[in-house]
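Here is how the chains run, residue by residue.
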Amino acid sequence: MDAVLHDLALHWPLYAAMPFVAALIGYVTKRVAIEMMFRPLDFVGIPPFLGWQGVVPKHGGRMAAVATELLTANLLDLREVIGRIDPVIITTELEQPLLRAVDHIAREVLAEHHPRLWEVMPTLAQEMLIKQVQASAPKLVREFLDDVRENLDDVLDVQHMTVQRLTRDRALLVRLIRETSRPEMAFIARMGIYFGFGLGLVQTIVWAFTREPWVLPAFGGVIGLCTDWLAIKLIFVPREPVRIGRVIFQGKFQRRRAEVARQYGELIANEVLTVQNLLDAVLRGPRADRLAALVEHLVSEAVDAQMPLAWTVGGTRLREMKHAAARKALEQLPDTARYAEGYLTEAMDVAKVIEQRMLALTPLEFEGLLRPAFRQDEWKLIAVGGVIGFVVGELQVLLMLG
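Quick summary incoming for the structure in this document.

Details of the overall build of the protein chain
Thought 1: The helix and strand inventory of the protein chain stands at 26 helices and 4 strands.
Thought 2: Considering the protein chain as a whole, with its 402 residues, one finds that 46% of them fall into the buried category.
Thought 3: Within the protein chain, residue pairs in contact and separated by at least 24 positions form 80% of the contacts whose partners lie at least 6 positions apart.
Thought 4: As presented, the protein chain carries roughly 20500 Å² of accessible surface, and 62% of it is formed by carbon and sulfur atoms.

Regarding unusual backbone geometry
Thought 1: Along the chain, arginine 39 connects to proline 40 via a cis peptide bond; the corresponding omega equals -10°.
Thought 2: You can see proline 40 is positioned in the loop between helix H2 (12–38) and strand S1 (44–46).

A closer look at the packing of aromatic side chains
Aromatic ring pairs are reported here in terms of the distance separating the ring centres and the angle at which the planes meet.
Thought 1: If you walk through the whole model with that rule in mind, you get 3 aromatic pairs.
Thought 2: Between the aromatic rings of phenylalanine 20 and phenylalanine 197, the centroid separation amounts to 5.2 Å while the plane-to-plane angle is 70°, which identifies the pairing as edge-to-face. Here phenylalanine 20, found in helix H2, pairs with phenylalanine 197, found in helix H14 (residues 182–210); they are 177 residues apart in sequence, far enough to count as distant.
Thought 3: Arranged with centres 6.1 Å apart and planes meeting at 70°, the rings of phenylalanine 236 and phenylalanine 253 form a pair that is edge-to-face. Of this pair, phenylalanine 236 sits in helix H15 (residues 215–236) while phenylalanine 253 sits in helix H16 (residues 252–255), placing them 17 residues apart in sequence.
Thought 4: When its relative accessible area of 0% is taken as the criterion, phenylalanine 253 is described as buried.
Thought 5: The rings of Phe236, Phe253 and Phe366 are connected pair by pair, giving a single aromatic cluster.
Thought 6: The cationic tip of arginine 257 hangs over the ring face of phenylalanine 366; the distance from NZ or CZ to the ring centre is 4.6 Å.
Thought 7: The ring of tyrosine 339 carries arginine 338 above its face, with NZ or CZ at 5.0 Å from the centroid.

Overview of the environment of threonine 204
Thought 1: Residue position: threonine 204 is located in helix H14.
Thought 2: In this structure threonine 204 comes out as buried when scored by relative accessible area, which is 12%.
Thought 3: Ignoring sequence-local partners within four residues, the contact set of threonine 204 consists of Tyr15, Met18 and Pro19.

So, the pattern of salt bridges
As a working rule, side chains carrying opposite charge can pair if their charged atoms are close by.
Thought 1: Per the counting criterion, the structure on display carries 19 salt bridges.
Thought 2: Here glutamate 184 and arginine 256 are joined by a salt bridge, their closest N and O atoms 2.6 Å apart. Linking glutamate 184 in helix H14 with arginine 256 in the loop between H16 and helix H17 (257–272), this pair joins segments that are 72 residues apart in sequence.
Thought 3: According to the relative accessible area criterion, glutamate 184 is buried, its value standing at 0%.
Thought 4: Residue arginine 256 is classed as buried on the basis of its relative accessible area of 9%.
Thought 5: A salt bridge links aspartate 280 to arginine 284, with the shortest nitrogen-to-oxygen separation between them at 2.6 Å. With aspartate 280 and arginine 284 both in helix H18 (residues 275–284) and 4 residues apart, the pair spans about one turn of that helix.
Thought 6: The exposure class of aspartate 280 is partly exposed, given its relative accessible area of 34%.
Thought 7: Through salt bridges with shared partners, a single network forms among Arg31, Glu35, Arg39 and Arg178.

How each quantity is defined
- Residues numbered from 1 in each chain as written.
- Predicted model: local features only at pLDDT ≥ 70, side-chain atom pairs only at ≥ 80, totals over all residues.
- Heavy atoms only, no water.
- Helix = DSSP H or I, 4+ residues; strand = E, 2+ residues; numbered from the N terminus.
- Buried < 20%, exposed > 50% of the residue type's maximum accessible area, 1.4 Å probe, protein only.
- Contact = heavy atoms within 4.5 Å.
- Areas by Shrake-Rupley, 256 points an atom, 1.4 Å probe, with all protein chains shown as cover.
- Phe/Tyr/Trp six-rings, centres within 6.5 Å; stacked < 30°, edge-to-face > 60°.
- Lys NZ or Arg CZ within 6 Å of the ring centre and 35° of its normal.
- Salt bridge = Lys/Arg side-chain N within 4 Å of Asp/Glu carboxyl O.

Right, here's the structure in full:
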């Protein structure tokens, strides 16, 4: 004991530094693990094994599929969301751009497919014909909305759209997970300091009595491994509040349910299920041909309603005109819908719907929102923490014995 006290008095600055170095190991290993989850977006190194790619971007497809499954199965009924759109209001919002689009399409199609008829028609007759077609536009919009609602699964594959969006834009997937888990990441880093300091005190005592060179790197490795593992566990468990005396324990992610629900809803609404993204998926997705058939059917009925025009055009040419009008209507759809984007976003209110549904999830279902991000290659992150801790421990040995 006297020898221990003598060595402690002789090297007290080094002994005093040990818990703080252990706390630093705990913090550094946590920060490294966090950054390795998200960075880099692309593989850096010599493929396939010598290098690293962030866990989230590396498994982007799988994580996107998990996030989409949660979104479509538990958080969002797109049919219900589309049902919030009022046909009367949307028709009012689109009135002027719709009239301009119909005028442009009608003139272009007639001039292209029946130029002789169009040229010989008096200007007044041309205008009357255009007005007749324009008059049918509001009815066409209402019928279009009704048909889309009834055949939503036929024209829109929301799972394909969401997975494609998140997989194609890895930075968006990273942001989706990182933004909703930022406090948890800070918590992991802080826990590294506290756990590291506590284990550092034990390390100091063991070193004082043994002076074995293996103690410092071994404890450094244990600090790196255990603090990573424990910090990750404390994010999620206990899932339900547990009272011990006056203190209530619950996983940090579970305690922030209301805040996470709001953030997640806003990110999905603003970055994924936007009006433009939904339109793009409908027009260019794997089921775009079904929407084209739907629009062609509606346009065909609208053209047939103009009987004087139908009587003056042959069957083959009339079919060509209908097809051309439907194609041009689809081309004009994104620009026309842009004028109602504000109303559509407000009416669908995707963010609020997701927020409310998330608050109704069970703790286990709610955990599934973030847990997959940690499960992928979690052992690698913990192992890296252990290696860093071991290396720093070796450096401590050199200082202590030097």
